[in-house]
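Structure at a glance
One letter stands for each residue in the lines below.
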2 protein chains.
Amino acid sequence: MAQVDITRQLARYATGSSFEALPTQVATEAVRAFVNWLGCALGGCRDPSVAIALAVAADAGGSPQASIIGHGLRTDLMSAAFVNCLSSSSLAFDDTHLATVTHPTGPVASPLLALAERLRVPGTDFINALALGIELECRLSNALLLPPARSNVGFYITGLTGPIGAAAALGRVFRLDEPRMASALGLGAAQASGIRSTHGSMAGAVVPAVAARSGAAAALLAQKGFTCRDDALEAPNGFLSVYSTSADSERAVAGLGESYELLANAYKPYPCGIVIHAAIDACLEVAAKNIASLPIRRASIRVNPLALTLTDRRDPGTPMEAQVSLYHWVAAALLRGRAALGEVAQECIDDVNIVALRRDVLAVADDRLGRDEAIAEVTLHDGSLLQSHVRAARGSSQRPLTDEELDQKFLMQAELVLRREAAAALLHAARNITTMRNVGSELLPILSARSAQRDTAAGPALADGHRG
Amino acid sequence: MAQVDITRQLARYATGSSFEALPTQVATEAVRAFVNWLGCALGGCRDPSVAIALAVAADAGGSPQASIIGHGLRTDLMSAAFVNCLSSSSLAFDDTHLATVTHPTGPVASPLLALAERLRVPGTDFINALALGIELECRLSNALLLPPARSNVGFYITGLTGPIGAAAALGRVFRLDEPRMASALGLGAAQASGIRSTHGSMAGAVVPAVAARSGAAAALLAQKGFTCRDDALEAPNGFLSVYSTSADSERAVAGLGESYELLANAYKPYPCGIVIHAAIDACLEVAAKNIASLPIRRASIRVNPLALTLTDRRDPGTPMEAQVSLYHWVAAALLRGRAALGEVAQECIDDVNIVALRRDVLAVADDRLGRDEAIAEVTLHDGSLLQSHVRAARGSSQRPLTDEELDQKFLMQAELVLRREAAAALLHAARNITTMRNVGSELLPILSARSAQRDTAAGPALADGHRG
């Protein structure tokens with residue numbers, strides 16, 4: 001397939017992008033993406049994987065250029081980009097571009113916030129750069145997939161397009177000219193990485209974190225004149241041809257500046273793989289119907305085949321495995337009537353009743369069902385049959401989380417590490433980021449003030465307790 | 001194809017590997033690989049791309065943990081791994097595992113030398129770790145390709161397997177146990193990256209450099225307990241299945257500890273893409289026959305198809321493009337009778353006679369020719385026909401560079417930045433690395449001593465002049 005010169009077109013779009021030119025709805029959605037991301041970074045910042053990554057970063061001894069969210073520490077920019085994106089990804093609670101299962105905000109927001117501590121970045125520029133980075137990521141994910149099932153599902157696509165989106169966002173803040181922006185995009189593409197077999201271990205969250213660091217490196221190098229050819233995305237042996245057998249470059253640029261993939265970005269109500277969400281909704285509906293909490297005799301769940309391709313884990317042993325276990329969430333939702341951070345805690349994973357039900361659930365891949373659709377059929381001990389057919393999962397494009405739901409999700413996570421008043425103040429500030437003249441000096445102090453931290457925040461108890 | 005549990009097998013092999021168990025020939029070859037790499041790092045350390053990467057690294061302000069070769073500076077370990085591998089890759093003069101066109105030593109030696117400045121590493125352990133890392137890289141490259149033509153030639157394979165080899169090497173120095181070693185390998189695989197469309201720009205050398213940094217990150221994280229599943233290489237949606245449609249895991253472990261891919265590693269006599277070398281040899285032979293230096297009327301070159309797939313650039317404009325231009329080297333070799341650093345200098349690229357001949361050369365892909373084979377046919381102005389059929393290029397497995405040739409290659413490059421006596425002393429030390437009790441305290445001082453540097457070493461003149 002003949003490929004369009006998308007590297008140059010995207011570079012031109014990126015260098016000319018501005019907050020003023022963003023439709024209001026798009027700017028609003030970018031702020032929602034930022035609020036969701038910041039909450040997830042706070043929610044995940046006590047994960048054991050983050051402590052390890054932070055120890056490695058501290059060992060490198062970089063200059064204190066950028067804050068580590070929730071830790072009251074600063075490291076060099078690239079390390080902070082890595083660690084904060086690891087935090088926001090570690091609970092699998094981050095956002096999702098549903099058409100491509102890209103998690104777009106972490107790899108972009110994380111280095112962008114780090115850079116905003118070094119340069120004076122107004123909130124409007126910050127949100128424009130964030131919207132830009134997400135837009136390029138999602139458009140390139142679209143261009144790769146065409147449709148998802150035909151691409152290699154083993155690629156962790158966030159790691160492929162994330163570095164390019166991040167490079168664009170930081171490049172915009174650096175005010176790169178078109179040739180340098182094109183180099184930044186190419187250098188991002190040269191670092192594309194990520195395989196799905198990392199899911200179920202700490203390494204699953206390392207893929208977006210690497211994307212954040214790689215995107216930062218691409219922008220920092222390009223800013224100082226490091227070159228990459230200006231057609232690295234579409235060239236023979238280039239990004240699109242290497243990562244897809246059926247790439248359509250046109251999809252990366254069609255309607256650029258008119259239609260926005262950012263509007264198809266979704267926020268998770270449940271801390272687990274997004275392909276599980278419809279099944280959770282169906283099971284929560286069944287649980288709500290089981291008023292007397294009668295024991296379950298049989299349970300089956302019908303889902304789109306992709307859900308089983310990605311989350312066919314019947315016996316998860318750890319929170320990381322449970323995040324991507326369809327059976328675990330079906331069992332937890334049916335027995336507890338909840339699907340929150342408590343349901344990915346070790347205690348819930350080891351609960352004998354949940355273990356037993358996980359082993360009995362029948363899961364069926366049904367290609368007549370959409371990606372946001374699921375059907376639960378549960379027979380209770382008394383022989384009664386409870387059914388639920390969810391046609392659009394909560395958090396899907398048809399049922400997006402409201403601002404209030406997003407705020408609740410933010411506070412639930414922020415209050416794991418911040419005092420209640422500080423969490424509320426941070427939420428208010430993040431929601432009003434576009435009014436800031438300098439994100440670094442106005443937002444970060446609220447986040448990092450010693451008075452904002454919960455007393456227990458640094459304690460080892462919370463390292464496990466954040467999931468409870 | 002059912003896959004073998006290679007992640008665990010390779011982890012077990014890595015943790016048990018020792019210098020004592022290496023056949024003498026393998027240990028000798030590892031030293032040759034190190035000497036070749038160190039020379040290339042010195043030869044490339046004045047490349048403009050390295051100055052940029054070093055500025056980015058310096059800006060991060062990491063602790064002075066590891067030396068930047070040829071610059072008398074120290075940065076944090078991961079930055080040094082990146083910059084030094086960029087240096088050794090920037091002139092396309094690095095080594096090559098011919099069967100897979102992997103350039104194995106840079107991504108391993110670079111972080112390993114950096115680590116040897118932090119830990120006390122005896123020369124024997126250093127060489128064992130280097131041999132180990134190279135072995136795993138080349139074996140995994142073998143496993144991916146099966147044979148090269150069936151894999152996606154657009155992947156820059158050094159970037160795919162490099163992080164895994166580097167992770168193994170550093171993991172061995174850290175004395176990781178088997179589970180942590182398996183995590184290190186998986187974390188390396190999760191960062192596999194690199195596309196060949198970067199060739200011809202600074203970004204071509206960024207791919208091995210990223211591999212070096214990623215491999216270091218993998219080992220540093222795993223050492224502190226960061227986990228990855230222990231089958232990340234062979235699992236569904238894992239490394240082999242994602243990066244190849246025809247992977248054969250068995251090839252990664254068959255004869256492990258008995259046969260060594262390191263022995264199939266080759267060193268380049270010419271500073272350009274290895275697939276061009278047979279053509280250069282053929283043209284040099286023709287040039288030698290053209291005793292009267294008569295003008296050329298017609299010139300044709302027949303090569304294995306891969307040579308044209310990777311280096312079909314008729315009009316290179318820069319040294320980086322010339323490195324991967326078959327036409328440039330054919331023209332330069334025919335007209336100058338040489339193919340050294342001077343032939344990749346801008347002055348040679350812009351030489352009107354060479355430009356004209358590049359445009360006239362007929363290049364033919366001939367799948368009857370082997371990868372190390374080429375046929376040159378040149379008609380001179382007087383109508384006489386000169387021919388050469390090279391069946392095994394210099395530097396190929398049939399015609400490996402001798403120790404003396406390697407030493408000359410080292411000195412040619414080292415003397416660009418070091419005084420003659422210092423270059424000779426460094427060569428002597430590198431050749432005797434296995435006698436060192438502490439590589440960091442014995443080798444690095446020779447390299448970094450102020451008295452060793454050429455007066456012009458830091459001057460901007462050499463930044464361009466190193467190619468002349």
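To continue, consider the sheet that holds strand β6 (residues 362–365) of chain A. Whenever strands of a sheet pair, they do so through backbone hydrogen bonds, lying parallel or antiparallel. Residues and elements named next belong to chain A. What the four strands build is an open sheet, ordered β6-β5-β7-β8; its pairing is mixed. Across the chains shown, the open sheet's two edge strands, defined by having one partner strand only, are β6 and β8 (385–390). Pairwise comparison of adjacent strand axes, ignoring direction, gives a mean angle of 10 degrees for this sheet. One ladder, built from four bridges, connects strand β5 (residues 296–303) with β6; its direction is parallel.

Turning our attention to the packing of aromatic side chains. One pass over the full model with this rule turns up 10 aromatic pairs over all chains. Taken together, a centroid distance of 5.3 Å and an interplanar angle of 50 degrees make the contact between B:Phe239 and B:Tyr243 tilted. Placement of both B:Phe239 and B:Tyr243 in helix α10 (residues 239–243) is noted, with a separation of four residues, approximately one turn of the helix. The pair B:Phe239 / B:Tyr243 is uniform in exposure class, with both members buried. Following the ring pairs from residue to residue traces out a cluster consisting of A:Phe155, A:Phe239, A:Tyr243, B:Phe155, B:Phe239 and B:Tyr243. The ring of B:Tyr327 has B:Arg314 lying over it, and the distance from NZ or CZ to the ring centre is 4.1 Å. One residue, B:Lys409, lies across the ring of B:Phe93, its end atom 4.2 Å from the ring centre.

This brings us to the side chain of B:Ser88. Residues and elements named next belong to chain B. Its location among the elements puts Ser88 in helix α4 (residues 77–89). In terms of polar contacts, Ser88 uses its side chain to reach the side chain of Trp37, at 2.9 Å. When near neighbours in sequence (up to four residues on either side) are disregarded, Ser88 contacts Trp37, Cys40, Ala41, Asp94 and Gly106.

Our focus in this paragraph is the pattern of salt bridges. Summed over all chains, the structure comprises 44 salt bridges over all chains. In this structure, A:Arg8 engages A:Asp230 in a salt bridge whose closest nitrogen and oxygen atoms are separated by 2.9 Å. Taken as a pair, A:Arg8 in helix α1 (residues 6–16) and A:Asp230 in the loop between α9 (203–223) and α10 (239–243) lie far apart in primary sequence, 222 residues in all. Taking relative accessible area as the criterion, A:Arg8 reaches 32% and is therefore assigned partly exposed. Taking relative accessible area as the criterion, A:Asp230 reaches 35% and is therefore assigned partly exposed. Measuring nitrogen to oxygen at the nearest pair gives 3.7 Å for the salt bridge that ties B:Asp351 to B:Arg336. Separated by 15 residues along the polypeptide, B:Asp351 in the loop between α16 (346–349) and α17 (352–360) and B:Arg336 in helix α15 (residues 326–336) bring together distant segments of the chain. Under the relative-accessibility criterion, B:Arg336 is labelled partly exposed at 22%. Connected via shared salt-bridge partners are A:Glu29, A:Arg32, A:Asp403, A:Asp407 and A:Arg431.

So, about the relation of the copies chain B and chain A. The two copies are related by a screw motion: chain B maps onto chain A through a turn of 180 degrees and a shift of 0.0 Å along the axis, at an RMSD of 0.1 Å. Such a turn and shift between the copies fits a two-fold axis. Proximity to the rotation axis, assessed at the C-alpha, singles out B:Gly62 in chain B; its C-alpha lies 1.9 Å from the axis. With an isologous cut-off of 70% or more, the 100% of interface residues of chain B that recur at the interface of chain A puts this contact in the isologous class.

Turning our attention to the nonpolar core. Counting 256 residues, the largest nonpolar core has A:Val206, A:Phe239, B:Val206 and B:Phe239 as its most contacted members. If sequence neighbours within four positions are ignored, B:Phe239 has contacts with A:Ile195, A:Ser197, B:Leu144, B:Leu160, B:Thr161, B:Ile164, B:Ala189, B:Ala192, B:Ala232 and B:Leu233.

A separate point is the interface of chain B and chain A. Taken together, the 60 residues of chain B in the interface contact 60 residues of chain A. Of the roughly 4,400 Å² buried at the junction of chain B and chain A (both faces included), carbon and sulfur atoms supply 63%. By the criterion of area lost to chain A, the three top residues of chain B are B:Ser197, B:Phe226 and B:Asn237, representing 14% of everything that side buries. The interface formed by chain B and chain A contains two salt bridges. With its nearest N and O atoms 2.6 Å apart, the salt bridge here joins A:Asp59 to B:Arg118.

Detailed reading of predicted coordinates is not advised where the pLDDT is low. Taken over all residues, the pLDDT of chain A has a mean of 93, while the share at 70 or more is 95%. Interface confidence for the predicted complex, expressed as ipTM, amounts to 0.90; the pTM equals 0.91.

So, how was this worked out
Residues numbered from 1 in each chain as written. Chains lettered and ligands numbered in written order. Predicted model: local features only at pLDDT ≥ 70, side-chain atom pairs only at ≥ 80, totals over all residues. Heavy atoms only, no water. Pairing = 2+ DSSP bridges. Helix = DSSP H or I, 4+ residues; strand = E, 2+ residues; numbered from the N terminus. Axes fitted to C-alpha atoms, helices over the stretch in contact; angles between N-to-C directions. Phe/Tyr/Trp six-rings, centres within 6.5 Å; stacked < 30°, edge-to-face > 60°. Buried < 20%, exposed > 50% of the residue type's maximum accessible area, 1.4 Å probe, protein only. Lys NZ or Arg CZ within 6 Å of the ring centre and 35° of its normal. Polar contact = N/O pair within 3.5 Å; in protein donor to acceptor, adjacent residues only side chain to side chain. Contact = heavy atoms within 4.5 Å. Salt bridge = Lys/Arg side-chain N within 4 Å of Asp/Glu carboxyl O. Least-squares fit on C-alpha atoms with pLDDT ≥ 70 in both. Core = buried A, V, L, I, M, F, W, Y, C linked by side-chain atoms within 4.5 Å. Buried area = accessible area lost by both parts, 1.4 Å probe. pLDDT = per-residue confidence, 0-100.

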